[in-house]
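Examination of the molecular architecture
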Amino acid sequence: MSTSPFSSCAFQQRASSRWPSRRPPSTATSRRSLVVAAAAASNFANENREYVIVGGGNAAGYAARTFVEHGMADGRLCIVSKEAVAPYERPALTKGYLFPLDKKPARLPGFHTCVGAGGERHTSEWYKEHGIEVLYEDPVAAIDTQNQILTTSSGNHLKYGSLIISTGCAAVRFPENIGGNLPGVHYIRDVADADSLVSSLEKAKKVVVIGGGYIGMEVAAAAAGWNLDTTIIFPDDHIMPRLFTPSLARRYEELYQKNGIKFIKGVLVDKLEGGTDGRVATVLLRNGSIIEADTVIVGIGAKPVVSPFEAVGLNKKVGGIQVDSLFRTSIPGIFAIGDVAAFPLKIYDRMARVEHVDHARKSAQHCVRTLLTAHTQPYDYLPFFYSRVFEYEGSSRKIWWQFYGDNVGDTIEVGDFDLKVATFWLNSESRVKGIFLESGSPEEFALLPKLAKCQPVVDRAKLQGASSVEEALEIVSSSL
């Protein structure tokens, strides 16, 4: 593989040799003074809106925790969310949440932030106890950056001092004229979406998953737990083409097939058609094939939710709101974090937008530290992706893989997939750029970020000759 596959939705980037210089962030004290002065000259009460987070996802939850850790949340912080519940760990929606009801599915309040990173579970009561105002189901519809006023969909006007945009992404949808909105057609971005899908799975017989990426693979694995007739359709030659090598993909495809999941590769969907009851009944492919389905899950990517914040400044190459290494936008006092932020990826000297929970958590913490303290250390993120599937009770094989770094260059694959397998990406200088590991031990997984960060030069012949994953990791580690 010669180029990074993360050039579209999951991990978007462009080359960048320079970044405009910016003034250091003003101190929290001076900013608060400005806010109070502005509030006194207007009709807006400002006690709880000194800091406003727009968005109620992973990044918002971890940002709120960081405000609390700095003693700056009580009576100062407001979260404006389109969600009906407090922030939660979104990855659960395509994993444990979709398990059959008799296989201990995940449910709220079990996965509110910040349990995903080993922290305390923050239910709505936690926000109340810490004096954080949360406006549920009332997304921001407009912004007046000159007067620092947000207008929500219900007509509320909120004065803010400092604003953190954490609006995340929305699922790419099929157009209505090709059946994208038919009953039984599902997209997953929030709990309501997942609840609707579970309701369909309870009655389903034939499931079609459109898309061979993260969402498609995780949802299909969950559907297998329901013992449903499941087919995955995608236009590529193999699953997870932006990360998996053909060899690696073949191993996972074989595992999925052993679980009864069928693949239709290299084809495009023409349209979805409904039956006599109006519910989706068939998937028509461009090659003329017709696939029966009573439940369809569309997982063809996501797009950053930038509206109504376009005036803050967008990055047209990778999408999202452009920020610097401290998550500051072009407008003083406005920040952007998580999936929606296009930021300098320092380790690889390029701009990137990362759609992953790890980045959501870390960008939130880094941004709030910048806002509240004299912290000016540039964000230095190491790309990380993972997946866990077939983890329901009774599964014959639980899958858990992790990837760190950049998947560019040549690849060397080591190991027996029935036990564990690893793939190493090496550049022309034999320097390790990325590492993928399936079914590793905790100690082996902990080693991966160290190797990907240090990028040691390895002996290719030795690595290719390794008889096991353990030996391969020892060869790479000895080069540190």
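You'll find the structure just up there.
Residues numbered from 1 in each chain as written. Predicted model: local features only at pLDDT ≥ 70, side-chain atom pairs only at ≥ 80, totals over all residues. Heavy atoms only, no water.

Quick word on the nonpolar core
Among the nonpolar cores identified, the biggest contains 131 residues, and Phe67, Phe244, Tyr256, Phe390, Trp401 and Phe424 are the most heavily contacted of them. It is helix 7 (residues 357-372) that provides the largest number of residues to this core, a total of seven residues. Dropping the residues within four chain positions of it, phenylalanine 67 is found in contact with Tyr51, Ile53, Met72, Ala73, Leu77, Ile164, Val368, Leu371 and Leu372. Counting 17 residues, the second largest nonpolar core, distinct from the first, contains Ile233, Val283, Ala293 and Val298. (Core = buried A, V, L, I, M, F, W, Y, C linked by side-chain atoms within 4.5 Å. Buried < 20%, exposed > 50% of the residue type's maximum accessible area, 1.4 Å probe, protein only. Helix = DSSP H or I, 4+ residues; strand = E, 2+ residues; numbered from the N terminus. Contact = heavy atoms within 4.5 Å.)

Topic: the layout of surface pockets
Estimates place the volume of the second largest pocket at around 650 Å³. What lines the second largest pocket is a set of 29 residues, and nearest its centre among them are Pro91, Lys95, Tyr386, Arg388 and Glu391. Every element with two or more residues in the lining of the second largest pocket is listed here: helix 5 (214-224), helix 7, strand 23 (384-389), strand 24 (399-405) and helix 8 (442-454). The element that contributes the greatest number of residues to the lining of the second largest pocket is strand 23, accounting for four residues. A breakdown of the residues in the lining of the second largest pocket according to their chemical character gives 19 nonpolar, four polar and six charged. (1 Å grid on protein atoms, 1.4 Å probe; cavity = no way out; pocket = protein on both sides within 12 Å on 5 of 7 lines; lining within 4 Å. Points joined across faces, edges and corners; volume = space filled by probe spheres on them. Nonpolar A, V, L, I, M, F, W, Y, C, P; charged D, E, K, R; others polar.)

Side note on unusual backbone geometry
For the peptide bond that leads from threonine 113 to cysteine 114, omega is 15 degrees, which places it in the cis range. Structurally, cysteine 114 can be placed in the loop between strand 3 (77-80) and helix 3 (124-129). Each neighbour pair has its own omega, and for serine 307 with proline 308 the value is 5 degrees, a cis peptide bond. On the secondary structure map, proline 308 appears in the loop between strand 18 (302-304) and strand 19 (321-322). For aspartate 349, which is not a glycine, the phi torsion comes out positive at approximately 55 degrees.

Considering the packing of helix 2 (residues 58-69) against helix 7
Relative to each other, helix 2 and helix 7 sit at 35 degrees, their axes nearing to 8 Å. When the axes of helix 2 and helix 7 are compared, the crossing they make is right-handed. Residues Asn58, Ala59, Tyr62, Ala63, Arg65, Thr66 and Phe67 of helix 2 form the contact with helix 7, whose participating residues are Val357, Ala360, Arg361, Ala364, Gln365, Val368, Arg369, Leu371 and Leu372. In the contact of helix 2 with helix 7, the residues fall into ten nonpolar, three polar and three charged. (Axes fitted to C-alpha atoms, helices over the stretch in contact; angles between N-to-C directions. Left-handed = near helix turned anticlockwise from the far one by under 90°.)

Brief notes about helix 10 (residues 469-477)
For helix 10, the full list of buried residues reads Val469, Ala472, Leu473, Ile475 and Val476. Relative to the axis of helix 10, the buried residues are bounded by an arc of 155 degrees and lie together on one face. Check the buried side of helix 10 and you find it contacts strand 25 (410-416), strand 26 (420-426), strand 27 (432-438), helix 8 and helix 9 (460-464). (Arc of directions from axis to C-beta.)

Some details on the pairing of strand 25
Sheet topology places strand 25 next to strand 26; seven bridges connect them, and they run antiparallel. Within the sheet, the bridge partner assigned to glycine 415 lies in strand 26 and is valine 421. (Pairing = 2+ DSSP bridges.)

Describing empty space enclosed by the protein
Within the structure shown, the criterion is met by one cavity of 30 Å³ or more. Around the largest cavity, the lining residues are Tyr214, Met217, Glu218, Ile239, Met240, Phe244, Tyr252, Tyr256, Ser387, Val389, Ile399 and Trp401. For the lining of the largest cavity, the elements supplying multiple residues, two or more each, are helix 5, helix 6 (246-258), strand 23 and strand 24. With three residues, helix 5 is the largest single contributor of residues to the lining of the largest cavity. Residue composition of the lining of the largest cavity, grouped by class: ten nonpolar, one polar and one charged.

Looking at the sheet that holds strand 23
As summarised here, the arrangement of the five strands in space is 23-24-27-26-25, forming an open sheet in which the pairing is antiparallel. Strand pairing shows two members of the sheet lacking a second neighbour, strand 23 and strand 25, which therefore form its edges. Adjacent strand axes in the sheet meet at a mean angle of 10 degrees, parallel and antiparallel pairs treated alike. By the bridge criterion, six bridges tie strand 26 to strand 27 in an arrangement that is antiparallel. Residue alanine 422 lies in a different strand from strand 27, and its bridge partner there is leucine 437. Against the sheet, helix 5 makes contact with strand 23 and strand 24, and its axis sits at roughly 20 degrees relative to strand 23, the strand it touches most.

Observations regarding the sheet that holds strand 2 (residues 51-54)
Two strands in a sheet stick together by hydrogen bonds in their backbones, pointing the same way (parallel) or opposite ways (antiparallel). One open sheet accounts for five strands, arranged 4-3-2-8-20; its pairing is parallel. With one partner strand each, in any of the chains shown, strand 4 (133-135) and strand 20 (334-336) form the two edges of the open sheet. Strand-to-strand twist across the sheet, computed as the mean angle between neighbouring axes with direction ignored, equals 15 degrees. Sheet topology note: the strand 8 (residues 162-165)/strand 20 ladder contains three bridges and is parallel. Directly across from isoleucine 165, in strand 20, lies its bridge partner alanine 336.

A word on the pattern of salt bridges
Scanning the model with the defined rule gives 26 salt bridges in all. In this structure, arginine 49 engages glutamate 133 in a salt bridge whose closest nitrogen and oxygen atoms are separated by 3.0 Å. One end of the pair, arginine 49, is in the loop between helix 1 (28-40) and strand 2; the other, glutamate 133, is in strand 4, with 84 residues separating them in the sequence. Note that glutamate 470 is salt-bridged to lysine 420, the shortest N-O span being 3.1 Å. (Salt bridge = Lys/Arg side-chain N within 4 Å of Asp/Glu carboxyl O.)

Re the packing of aromatic side chains
Each pair of aromatic rings is reported with the distance of its centres and the angle of its planes. By the definition in use, this model includes 25 aromatic pairs. Geometrically, the ring pair formed by tyrosine 51 and phenylalanine 67 is tilted, given 5.1 Å between the ring centres and 45 degrees between the ring planes. Here phenylalanine 67 lies in helix 2 and tyrosine 51 lies in strand 2, a separation of 16 residues in the sequence. What makes tyrosine 51 buried here is its relative accessible area of 1%. An aromatic cluster is present here, built from Tyr214, Phe244, Tyr252, Phe385, Trp401, Phe417 and Phe436 joined pairwise through their rings. (Phe/Tyr/Trp six-rings, centres within 6.5 Å; stacked < 30°, edge-to-face > 60°.)

Looking at the pairing of strand 12 (residues 229-233)
Across the five residues that make up strand 12, a large majority, four, are buried. As defined by bridge partners, strand 11 (residues 206-210) adjoins strand 12 across five bridges and the pair is classed as parallel. Residue pairing across strands places valine 207 opposite threonine 230, the latter belonging to strand 12. Inspection of the sheet shows strand 12 paired to strand 13 (residues 261-264) by four bridges, in the parallel sense. Paired with isoleucine 232 across the two strands is phenylalanine 263, which belongs to strand 13. With helix 6 bridging strand 12 and its parallel neighbour strand 13, the resulting β-α-β unit is right-handed. (Right-handed = clockwise from strand over helix to strand, strands pointing away.)

These values are about where atoms sit, not about what they do.
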